[in-house]
Amino acid sequence: MVQHGNYPNVQNKHSRVSSISLNVKFFSGDIVIIAESGFTYFCQYSTVTRLQYLLTIQSMRKLICSAFCLLFISCFLASQDNLLTVAENTNFESTSTFGDVVSFVNELTKFSPYIRLETLATSAEGREIPLLIVGNPLPESPDDLINDDRIVVYIQANIHAGEVEGKEAVQMLARDLLKNPNQEIFKNVIILLCPILNADGNEKFSKENRTNQVGPVNGVGVRYNGQFLDLNRDAMKLETPEITGVVTEIFNIWDPAITVDCHTTNGSFHEEPVSFTWMMNPNGDRNLINFMRDNMMPAVHLHLKENYKTENLFYGEFINQLNIEEGWISYASEPRYLVNYIGVRNRFGILNENYVYADFKTRVTGCYFLLRSILDYASGNKELIRKLLDEADSRMLRRYDDNNSVDSFAIQYEGKPTPEMVTIKAIEADTIPGVRGYWRYKQSDRHRTVSVPYIADYFATKSIGIPYAYLITVPDKEILANLKNHGIVVEKLSEKQTLQVEKFIINELKAEKRLNQGHYTNTVKGEFVKEVKDFPAGTYLIKTNQKLGNLAAYLLEPQSDDGLLLWNFFDRYLVPQWGEGYYPYPVYRLVGKAEIQILPLK
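Below or above, wherever it landed, is the structure these notes cover. Quick caveat, the model's predicted, so the values are computed rather than measured.

### Section: the pairing of strand β8 (residues 189-194)
Reasoning step 1: Most of β8 is tucked away: 6 of the 6 residues are buried.
Reasoning step 2: Here β8 shows no split at all, with Val189, Ile191 and Leu193 on one side and Ile190, Leu192 and Cys194 on the other all buried.
Reasoning step 3: Where strand β6 (residues 128-134) lies against β8, 3 bridges are found, and the strand directions are antiparallel. Residue pairing in the sheet places Leu132 in a bridge with Leu193 of β8.
Reasoning step 4: Summarising the sheet, strand β7 (residues 151-156) and β8 pair through 6 bridges and their orientation is parallel. If you follow Gln156 over to β8, its bridge partner there is Cys194.

### Focus: the packing of helix α4 (residues 98-111) against helix α5 (residues 165-178)
Reasoning step 1: The contact between α4 and α5 brings their axes to 11 Å, and the two run at 10°. It follows from the interaxial angle that α4 and α5 lie roughly parallel. Between α4, through Asp100, Val101, Phe104 and Leu108, and α5, the contact on the second element is made entirely by Lys167, Gln171, Ala174, Arg175 and Leu178.
Reasoning step 2: Looking at the contact of α4 with α5 residue by residue, the class counts come to 5 nonpolar, 1 polar and 3 charged.

### Quick notes on the packing of α5 against helix α11 (residues 360-380)
Reasoning step 1: Axis separation between α5 and α11 bottoms out at 8 Å; the angle between their running directions is 50°. Taken together, the axis directions place α5 and α11 in an arrangement best described as oblique. Judged by the twist between their axes, the crossing of α5 over α11 is right-handed. When α5 is examined against α11, the residues Glu165, Gly166, Glu168, Ala169, Val170, Met172, Leu173, Asp176 and Leu177 are found in contact with a partner set consisting of Phe360, Arg363, Val364, Cys367, Tyr368, Leu371, Arg372 and Leu375.
Reasoning step 2: In the contact of α5 with α11, the residues fall into 11 nonpolar, 1 polar and 5 charged.

### Some thoughts on the sheet that holds β6
Reasoning step 1: The strand order across the open sheet built from 8 strands is β5-β6-β8-β7-β9-β14-β10-β11, with neighbouring strands paired in mixed fashion. Pairing within the sheet leaves two strands with one partner each, and these edge strands are β5 (115-122) and β11 (312-314). Strand after strand, the sheet turns through a mean of 25° between neighbouring axes, direction not considered.
Reasoning step 2: Direction of pairing for strand β10 (residues 274-278) relative to β11: parallel, over a ladder of 3 bridges.

### Quick notes on the sheet that holds strand β12 (residues 317-318)
Reasoning step 1: One open sheet holds the 4 strands; their spatial order is β12-β13-β18-β15, and the pairing between them is mixed. At either end of the open sheet lies a strand with only one pairing partner, and these are β12 and β15 (408-417).
Reasoning step 2: With 2 bridges connecting them, strand β13 (residues 328-329) and strand β18 (residues 454-465) associate as parallel partners. Residue pairing across strands places Trp328 opposite Tyr454, the latter belonging to β18.

### Quick word on the pattern of salt bridges
Reasoning step 1: Inspection of every chain in the model, using the stated rule, returns 40 salt bridges.
Reasoning step 2: The partner of Glu165 in a salt bridge is Arg363, and the shortest N-O contact between them spans 2.6 Å. One end of the pair, Glu165, is in helix α5; the other, Arg363, is in helix α11, with 198 residues separating them in the sequence. No difference in accessibility class separates Glu165 from Arg363, as the two residues are buried.
Reasoning step 3: Residue Glu428 pairs with Arg446 through a salt bridge whose shortest N-O separation is 2.6 Å. You can see Glu428 sitting in strand β16 (residues 422-431) and its partner Arg446 sitting in strand β17 (residues 441-452), a full 18 residues away along the chain.
Reasoning step 4: Exposure remark for Arg446: the relative accessible area of 34% places this residue in the partly exposed category.
Reasoning step 5: When salt bridges that share partners are traced, they join Glu163, Arg210, Arg223, Asp230 and Arg233 into one network.

### A word on the packing of aromatic side chains
Reasoning step 1: Tallied over the full model, the rule gives 19 aromatic pairs.
Reasoning step 2: Taken together, Phe276, Trp278, Phe314 and Tyr454 form an aromatic cluster joined through their ring pairs.
Reasoning step 3: Between the NZ or CZ atom of Lys237 and the centre of the ring of Trp567, over which it lies, the distance is 5.5 Å.
Reasoning step 4: Above the ring of Phe535, the side-chain terminus of Lys533 is found at 5.7 Å from the ring centroid.

Cut-offs applied
- Residues numbered from 1 in each chain as written.
- Predicted model: local features only at pLDDT ≥ 70, side-chain atom pairs only at ≥ 80, totals over all residues.
- Heavy atoms only, no water.
- Buried < 20%, exposed > 50% of the residue type's maximum accessible area, 1.4 Å probe, protein only.
- Helix = DSSP H or I, 4+ residues; strand = E, 2+ residues; numbered from the N terminus.
- Pairing = 2+ DSSP bridges.
- Axes fitted to C-alpha atoms, helices over the stretch in contact; angles between N-to-C directions.
- Parallel < 35°, antiparallel > 145°, perpendicular 65-115°, else oblique.
- Contact = heavy atoms within 4.5 Å.
- Nonpolar A, V, L, I, M, F, W, Y, C, P; charged D, E, K, R; others polar.
- Left-handed = near helix turned anticlockwise from the far one by under 90°.
- Salt bridge = Lys/Arg side-chain N within 4 Å of Asp/Glu carboxyl O.
- Phe/Tyr/Trp six-rings, centres within 6.5 Å; stacked < 30°, edge-to-face > 60°.
- Lys NZ or Arg CZ within 6 Å of the ring centre and 35° of its normal.

It is worth stressing that arrangement in space is one thing and function is another; only the former is reported here.
Okay, here's the thing in structure tokens:
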């Protein structure tokens with residue numbers, strides 16, 4: 001195995017090859033080669049027996065240099081082949097602990113100059129979440145991307161720590177990519193990998209978690225993180241260190257063109273072991289959504305099936321498991337779900353759901369081949385992907401250039417069938433007598449292939465025009481920190497200004513009776529009225545003609561189904577201590593383009 005380190009008490013043999021100084025040591029049947037820089041290569045003697053006689057003081061310089069190179073390459077490849085995940089080492093019976101993952105990725109960094117290990121975030125329980133940067137050449141920092149023609153793809157797993165297939169597949173993917181650093185993918189893509197996002201949940205192993213799935217036999221972790229919060233409900237409120245880290249350290253800095261989020265589904269019954277879908281919230285760029293629906297995802301589907309021999313389908317569930325012809329639906333469209341959040345940021349997001357009723361090995365390898373298929377597509381279509389994203393950004397930056405409010409924000413929306421139906425190798429369901437709720441169904445032995453409508457296109461049923469800017473009249477640190485963490489540009493009025501704005505008057509405000517992720521989320525009813533208002537210097541201003549203008553609207557519109565009002569960020573400013581009624585919502589809409597004296601927010 002190739003290792004780094006110092007080896008005392010060994011016999012030294014020294015040779016200088018051109019300008020390279022090599023210190024060759026023989027110790028206990030092993031060979032250690034130390035370069036002049038002090039960098040050490042260590043290899044089992046048995047793998048290089050024929051080279052031992054070449055590495056002598058009398059050897060020719062070129063021969064020594066060639067032998068050294070062959071030795072290093074031989075050791076590197078042998079070490080890579082011997083490095084297995086916990087799943088592979090147990091014949092796909094077990095899954096890895098957090099310590100197993102950390103050990104695996106640490107070993108990878110010893111073997112290759114094309115990988116770097118960083119920390120994405122520190123969990124609530126103090127675990128450092130590993131982030132792998134893989135590329136050839138390897139960028140030293142995101143600043144290097146300015147003059148880099150490659151696109152960035154980010155893949156994360158284990159956001160729900162009971163859903164472990166992605167965790168194993170991502171480790172395998174990192175190792176296998178490094179085996180061939182000259183492959184075509186590295187010419188076009190920089191790859192970021194987080195194999196274990198929910199480290200705290202992962203360590204709560206139990207065989208009683210997710211008992212309906214087939215393996216792993218050593219059990220799995222839990223859905224929630226160390227704060228008892230679901231990471232895949234936190235993309236808007238950013239209350240967990242893990243998702244805050246993803247947004248601040250990945251999305252804001254590396255700006256990946258494509259993000260893949262790996263899960264496991266226990267929904268409707270079918271034969272395909274792998275499913276996936278795309279971002280679908282209607283407040284993202286419609287051109288990007290349509291491109292994924294009509295081009296990218298169908299291409300990945302065919303590539304995965306034909307080149308990697310893996311049956312797959314677009315993710316969803318039967319609308320009615322007892323009448324499967326009614327259709328197939330992907331229903332979670334709010335941006336609290338990370339993939340939809342990515343879409344609102346005008347980037348490509350892919351949700352991977354591996355089928356819980358397949359065996360563990362099939363689930364892991366299916367996920368692995370899906371990730372390879374996505375990377376293959378990204379590499380082969382780099383220029384098109386970059387062009388589409390640049391055009392989406394340009395549309396955002398040109399908003400209000402002609403003083404026309406042409407964009408709208410969907411306050412309410414519903415799913416419609418996609419243009420193409422989906423074909424599913426379905427397994428019909430039976431009901432279990434006496435059982436209520438979600439678990440009342442069981443698989444039958446009746447298999448039937450059906451083509452049905454796919455409800456995955458979401459369109460507005462009620463919308464409002466997106467304003468030129470929002471003005472926040474309360475200097476709330478939590479609200480400002482949330483906007484800053486999202487990467488939204490916030491400015492301040494440099495002087496007092498009188499502006500015509502829209503003010504939201506609240507007629508009804510209700511909190512849900514049941515807690516949702518630690519919140520009694522709000523529903524609000526009201527109306528906008530026009531008003532000429534004085535805004536003092538220092539008032540916070542958020543323009544919508546910025547790259548994240550749609551996200552800003554989602555967070556600040558009072559009637560948004562996933563905004564800061566819904567998540568209780570504004571509660572203290574809405575209801576007077578005594579008396580009835582409500583204060584105006586402290587975010588005003590500047591509808592028309594105006595000349596505003598501003599200062600950047602430090």
